[in-house]
Amino acid sequence: MYDIQHESKGLVSHGVNACAGCGLELIARNTMEVLGENTIVVIPPGCGSLFSGYGAGAAMKLPGFQGNLENTAACAAGIRAALNAKGDKETTVLAFAGDGGTVDIGLQSLSGVMERRDKVLYICYDNEAYMNTGIQGSSSTPYQASTTTTPTGKPTERKSLMEIAIAHDIPYAATASIHNLRDFRRKVQKAKDTNGPSLIHIQTPCPTGWRYDPARSVELARLAVQTGAWILYEYENGKIKVNMKLKNLKSIEEYIKPQRRFRHLSQEDIEELQETVKKNYQRIMDRLEYMEGTV
Amino acid sequence: MQKQQEKHMSKLKKYSVLGPVATTFTASDTGSWRLERPKVVFEDCIKCGICAQVCPVDIVEIRKDEKECVVFNFDYCKGCGICANECPKKCIMMVPERSEV
């Protein structure tokens, strides 16, 4: 039934219409390679739907469909229920949504899945705005970043998806970054083996939306971790583990200088942003260390 | 769009499908987007394979026992330059497309 017209190394086609230097393409390839053929994928509209199909052509050798933005997790839970009714416990159900489809629009259905303990693997690729529709600000856009709906910089801080997931006390949740793919693949494998809902929140540099040279995608992901703008940690069965503890944070200027979404900032604004990032990093680290000690 | 798909699917008598369904596994001609192409200085290459790992399009192949040890598939390379930026030996250069350097 499925007509293969293209030879590819893995499960994802080589000619995907994602922008040059897209971090999402790297994430999709590595995820599908770890999960293998026995997987059903649900992808809401967005950049990720380039993989699920456009017209008659698709870019993945996996079954799946494109749901609506607000019910990705609910669709995945329905597929899981049908598989359970057939007695199939092996097949992985993957929901692969962007930050808009997760922290803004799809939050209620994700919360339902986490509460009902359905065995669904949810990956949120966070490119920090609605990139596919033309760079509108989402609630995952960082403080001071310019988008078409926040042209002078976003006035508020971002929502913390991980802390929402930890509040639901799910078996496995983790943040990841594309500069350490081995760590990301280990986390996907762990999430696949978890019996219950699992969530991976991964930062995805986007050359079009963040407005930088496509060659620096992986470099910027690394800088985000080194400056404290993105924190790598995992939550497993009530235990917190910080993957990368930093003694000295790099200056935030190194991270925001190549990105033109931060170019409206004056020197004072940059200092304020540096203070905010440092304070936020310290706040989360203190909380994580507290949880590490007590639970 | 739905009609187009129904026409396509009606050839398969066994399945009844409504609505748009992707039935072919294809690839776009992303090689035509390229403005710059990667070029490797093979003498400096240490064959670590980092370029193959970070390539978003997954078209880099490392051939350890050959002289030209890094092979790109230029049918799909978008010329983003991540391989050149991440190379620890800095032995990948981005040269303009259609130049004979």
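Figured I'd write up the structure that's included with this text. These numbers were taken from a predicted model, which means no experiment stands behind them.

### Section: the overall build of chain B
- When helices and strands are tallied, chain B shows 3 helices and 5 strands.
- Traced from its N-terminal end to its C-terminal end, chain B shows the element sequence α-β-β-α-β-β-α-β.
- When the 101 residues of chain B are sorted by exposure, 30% land in the buried category.

### So, the interface of chain B and chain A
- Each partner contributes residues to the interface: chain B has 29 residues there, and chain A has 30 residues.
- Going through the elements one at a time, α1 (2-9), β1 (24-25), α2 (50-54) and α3 (82-86) of chain B are the ones with two or more residues in the side of chain B that touches chain A.
- Sort the elements by how many residues they give to the side of chain B that touches chain A and α3 of chain B lands first, with 4 residues.
- For the side of chain B that touches chain A, a count of residues per class yields 14 nonpolar, 11 polar and 4 charged.

### Structural notes on the environment of lysine 239 of chain A
All names here are of chain A.
- Topologically, lysine 239 is positioned in strand β10 (residues 239-242).
- For lysine 239, a count of 10 C-beta atoms within 10 Å puts it in the exposed group.
- With 179 residues separating them along the chain, lysine 239 and methionine 60 place their C-alpha atoms 35 Å apart.

### Observations concerning helix α7 (residues 181-193) of chain A
Residues and elements named next belong to chain A.
- Between its first and last C-alpha, α7 extends 18 Å over 13 residues, near the 18 Å set by a 1.5 Å rise per residue.
- Along α7, the positions that sit buried rather than exposed are Phe184, Lys187, Val188 and Ala191. Seen from one end, α7 has its buried residues packed into an arc of 100°, which puts them on one side. Exposed positions of α7 whose direction lies more than 90 degrees from the buried face are Arg182, Gln189 and Asp193.
- Close packing links the buried residues of α7 with α1 (23-35), β6 (121-126), β7 (172-177), β8 (198-203) and β9 (233-236).

### Some words on the pairing of β9 of chain A
Residues and elements named next belong to chain A.
- Examined bridge by bridge, β7 and β9 share 3 bridges and lie antiparallel to one another. Across the sheet, tyrosine 172 pairs through a bridge with glutamate 236, a residue of β9.
- The pairing of β9 with β10 spans 4 bridges and is classified as antiparallel. Across the sheet, residue tyrosine 235 finds its bridge partner in β10, namely isoleucine 240.
- Here β9 folds back onto β10 in antiparallel fashion, the turn holding 2 residues, of which asparagine 237 has a positive phi close to 45°.

### A short note on the packing of helix α3 (residues 72-85) of chain A against helix α5 (residues 107-116) of chain A
All names here are of chain A.
- Remark: α3 packs on α5, axes separated minimally by 6 Å, with the N-to-C direction vectors making an angle of 40°. Touching Thr72, Ala73, Ala74, Ala76 and Ala77 of α3 are Ser109, Leu110, Gly112, Val113 and Arg116, all from α5.
- By residue class, the composition of the contact of α3 with α5 is 6 nonpolar, 3 polar and 1 charged.

Rules used in this analysis
In this convention, every chain numbers its residues from 1, walking through the sequence in written order. Chain A is the first chain written and ligand 1 is the first ligand written, with later ones labelled in order. Totals for whole chains, interfaces and linings use all residues, but because this is a predicted model, local features are given only for residues with pLDDT of at least 70 and pairs of side-chain atoms are given and counted only at 80 or more. The secondary structure listing takes helices from DSSP runs of H or I that are at least 4 residues long and strands from runs of E that are at least 2 residues long, numbered from the N terminus. Counting other C-beta atoms within 10 Å of its own, a residue is labelled buried from 20 upward, exposed at 12 or fewer, and partly exposed in the gap between, with every C-beta atom placed from the backbone. It is the C-beta atoms, placed from the backbone, that decide contacts: two residues are in contact if theirs lie within 7 Å. Each residue receives one of three labels: charged for Asp, Glu, Lys and Arg, nonpolar for Ala, Val, Leu, Ile, Met, Phe, Trp, Tyr, Cys and Pro, and polar for the others, Gly being one of them. Each helix should span, by expectation, one fewer than its residue count multiplied by 1.5 Å. In this description, one arc is meant: the one made by directions from the helix axis to the C-beta atoms. DSSP calls a pair of strands paired once it identifies at least 2 bridges connecting them. For helices, the axis comes from a line fit to the C-alpha atoms of the stretch in contact; other axes are also lines fit to C-alpha atoms, and the angle between any two N-to-C directions lies between 0 and 180 degrees.

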